[in-house]
Amino acid sequence: TCALPILDDREARRQKAERFINVARLVLLWERVWPGMWPGMGIVGAGMILALAGFFQLVPGWLHAVLLLIFFSSLVVVFWRSFAFFRPPRWEDGARRVERDSDLPNRPITEGMDQVAAGRGDPFAERLWRAHIVRLLASAKSLKLRLPSPGLAKRDPKGLRFAVLLG
């Protein structure tokens, strides 16, 4: 009966770590998607500014059609370039983010998912490995996540996004 509270505590810590990892994956997704959205959203914003200012009512119909064709084709090109190499965050990426933001030494969460390499099938080696993993996960008590930092200022150093927003 002594092992049950240890297993319950270990399971509770594992579930807590999994929740943090899932939130970290969402944070990483935001940090990857938002900067890629800026160029296309800037084009959409510029088009909305022109439309709201009545620019398209002043030009002839053929020029309006050509401008719309240019507008939509530039959107396709910009979004294609922004997301051609996009990959969603994996479990390992989220776990590494939690470990880094929590200042955890020795990567206890990602190492906790490793399998015993030498001694597979040996009961003593496997018990020793499980004890090592339990000790690692026990060291990961205070988990933290920092706020997302998409780094949009690097992609828009002149601050054009604010001009579009102001327009």
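In this text, all values refer to a predicted model and were calculated from it rather than measured experimentally.

**Notes on the overall build of the protein chain**
- Counting its secondary structure elements, the protein chain contains 8 helices and 0 strands.
- Across the protein chain, helices and strands are ordered from the amino to the carboxyl terminus as α-α-α-α-α-α-α-α.
- Per-residue burial for the protein chain yields a buried fraction of 26% across its 167 residues.
- For the protein chain, the proportion of contacts with a sequence separation of at least 24, taken over those separated by at least 6, is 78%.
- On the protein chain, roughly 11700 Å² of surface is accessible, and the fraction owed to carbon and sulfur atoms is 67%.

**Section: the pattern of salt bridges**
- The final tally for this structure, using the stated rule, is 8 salt bridges.
- Salt-bridge contacts for Arg90 lead to Asp93; the nearest nitrogen and oxygen are separated by 3.3 Å.
- With a closest N to O distance of 2.8 Å, Arg97 and Asp101 form a salt bridge. On the criterion of helical spacing, the pair formed by Arg97 and Asp101 is a turn pair, its members being 4 residues apart in helix 4 (residues 91-101). Here the two residues Arg97 and Asp101 agree in accessibility, since each one is buried.
- Shared partners join several salt bridges into a network, and the residues in it are Arg32, Arg87, Arg90, Glu92 and Asp93.

**Observations concerning a nonpolar patch on the surface**
- Side chains of Leu26, Leu29 and Phe86 sit close together on the surface and give an oily, nonpolar patch of about 260 Å² of accessible area.
- Position of Leu26 relative to the elements: it lies in helix 1 (residues 3-52).

**Section: the nonpolar core**
- Core analysis: the biggest nonpolar cluster contains 9 residues, these being Ala17, Ile21, Ala24, Trp91, Ala95, Val98, Leu104, Ile109 and Leu143.
- At the level of elements, helix 1 and helix 4 are the ones that each hand at least two residues to this core.

**A look at helix 3 (residues 61-83)**
- The terminal C-alpha atoms of helix 3 lie 33 Å apart, and with 23 residues this matches the ideal 33 Å at 1.5 Å per residue to within 8%.
- For helix 3, the complete set of buried residues consists of Leu75, Val78 and Ser82.

**Focus on the environment of Trp91**
- Relative to the helices and strands, Trp91 is located in helix 4.
- Taking the C-alpha atoms as reference points, Trp91 and Glu18, 73 residues apart in sequence, are found 9.2 Å from one another.
- Reaching out from Trp91, the side chain makes a polar contact with the side chain of Glu18 at a distance of 3.2 Å.

Cut-offs used in this document
Residues numbered from 1 in each chain as written. Predicted model: local features only at pLDDT ≥ 70, side-chain atom pairs only at ≥ 80, totals over all residues. Heavy atoms only, no water. Helix = DSSP H or I, 4+ residues; strand = E, 2+ residues; numbered from the N terminus. Buried < 20%, exposed > 50% of the residue type's maximum accessible area, 1.4 Å probe, protein only. Contact = heavy atoms within 4.5 Å. Areas by Shrake-Rupley, 256 points an atom, 1.4 Å probe, with all protein chains shown as cover. Salt bridge = Lys/Arg side-chain N within 4 Å of Asp/Glu carboxyl O. Patch = residues over 30% accessible without salt bridge, like charges linked within 9 Å, V, L, I, M, F, W, Y side chains within 5 Å. Core = buried A, V, L, I, M, F, W, Y, C linked by side-chain atoms within 4.5 Å. Expected span 1.5 Å × (residues − 1). Polar contact = N/O pair within 3.5 Å; in protein donor to acceptor, adjacent residues only side chain to side chain.

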